Amino acid sequence: MTSPRSAYVIAPTLFGAYGVVRLLDGLDGTKGPGLAWTTGHLCFLVGLGFFVRAFVAMRAAAGRSDRWATAGLVAAVAGSFALAVQFGVDIVTGLMAADHAEMGRLSDTFGSLPGAELAFYAVGPMFFFIGQVVLAVRLYALRRLPVWAPCLVFAASLLPLTTKDLIPLGAVLLLLGYAPLWRTGASRTALTSA
């Protein structure tokens, strides 16, 4: 299993890779279907697993009985699940479709299922960002993060909502916001091995 230390680096890196591949995929004026579409979405889908690992570690750093951290973890994991479904559907429709228009029709078919739009597109994914911010703010309140770290996590959460073209920048902000957690993990490892 991946250590929390590496999860804090791998998750934002894969998020950034998705953003970069997404930008490259759109250079011809159309995003998907094709190799770039599938590759980018797989990067983010795998990255979600690392995000969940990081969220679990953040909750543990706050203390297992901390209600705010637990609420943040539950929200972040629920949002991760919603995003995983959304990206899974995007991968499947991208593989099934011959062109962008057909991919859109296939996605619309899934989105028209009762509750799918709300759960996996409009509301559900927001919990990924909300939970992540709650965890970072809670760690700041417990003096385990400096004040700028949750500010960077919050900014990183807003960027994709503004425009998805800013995802690579959001990934850099997450890497910087998670840096104190990575360093804390490194110092704990050094203390326990000494």
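Our structure is the block above this text.
In this text the structure is predicted, and so the values were computed from the model without any measurement.

## With respect to the overall build of the protein chain
Counting its regular elements, the protein chain contains eight helices and zero strands. Written out in order from the N terminus, the α and β elements of the protein chain read α-α-α-α-α-α-α-α. Scaling as 2.2 N^0.38, a compact globule of 194 residues should have a C-alpha radius of gyration of about 16 Å, and the protein chain matches this with 17 Å. A principal-axis box enclosing the C-alpha atoms of the protein chain has dimensions of 55 × 35 × 30 Å.

## A word on the pattern of salt bridges
This model, assessed by the stated rule, comprises two salt bridges. Across the salt bridge formed by Asp165 and Arg22, the nearest N and O atoms sit 2.9 Å from each other. Of this pair, Asp165 sits in the loop between α7 (148-162) and α8 (167-193) while Arg22 sits in helix α1 (residues 4-25), placing them 143 residues apart in sequence. Note that Arg138 is salt-bridged to Asp66, the shortest N-O span being 2.8 Å. Linking Arg138 in helix α6 (residues 126-141) with Asp66 in the loop between α2 (35-62) and α3 (67-96), this pair joins segments that are 72 residues apart in sequence. Under the relative-accessibility criterion, Arg138 is labelled partly exposed at 22%. Taking relative accessible area as the criterion, Asp66 reaches 10% and is therefore assigned buried.

How each quantity is defined
Residues numbered from 1 in each chain as written. Predicted model: local features only at pLDDT ≥ 70, side-chain atom pairs only at ≥ 80, totals over all residues. Heavy atoms only, no water. Helix = DSSP H or I, 4+ residues; strand = E, 2+ residues; numbered from the N terminus. Rg over C-alpha atoms; globule rule 2.2 N^0.38 Å. Salt bridge = Lys/Arg side-chain N within 4 Å of Asp/Glu carboxyl O. Buried < 20%, exposed > 50% of the residue type's maximum accessible area, 1.4 Å probe, protein only.

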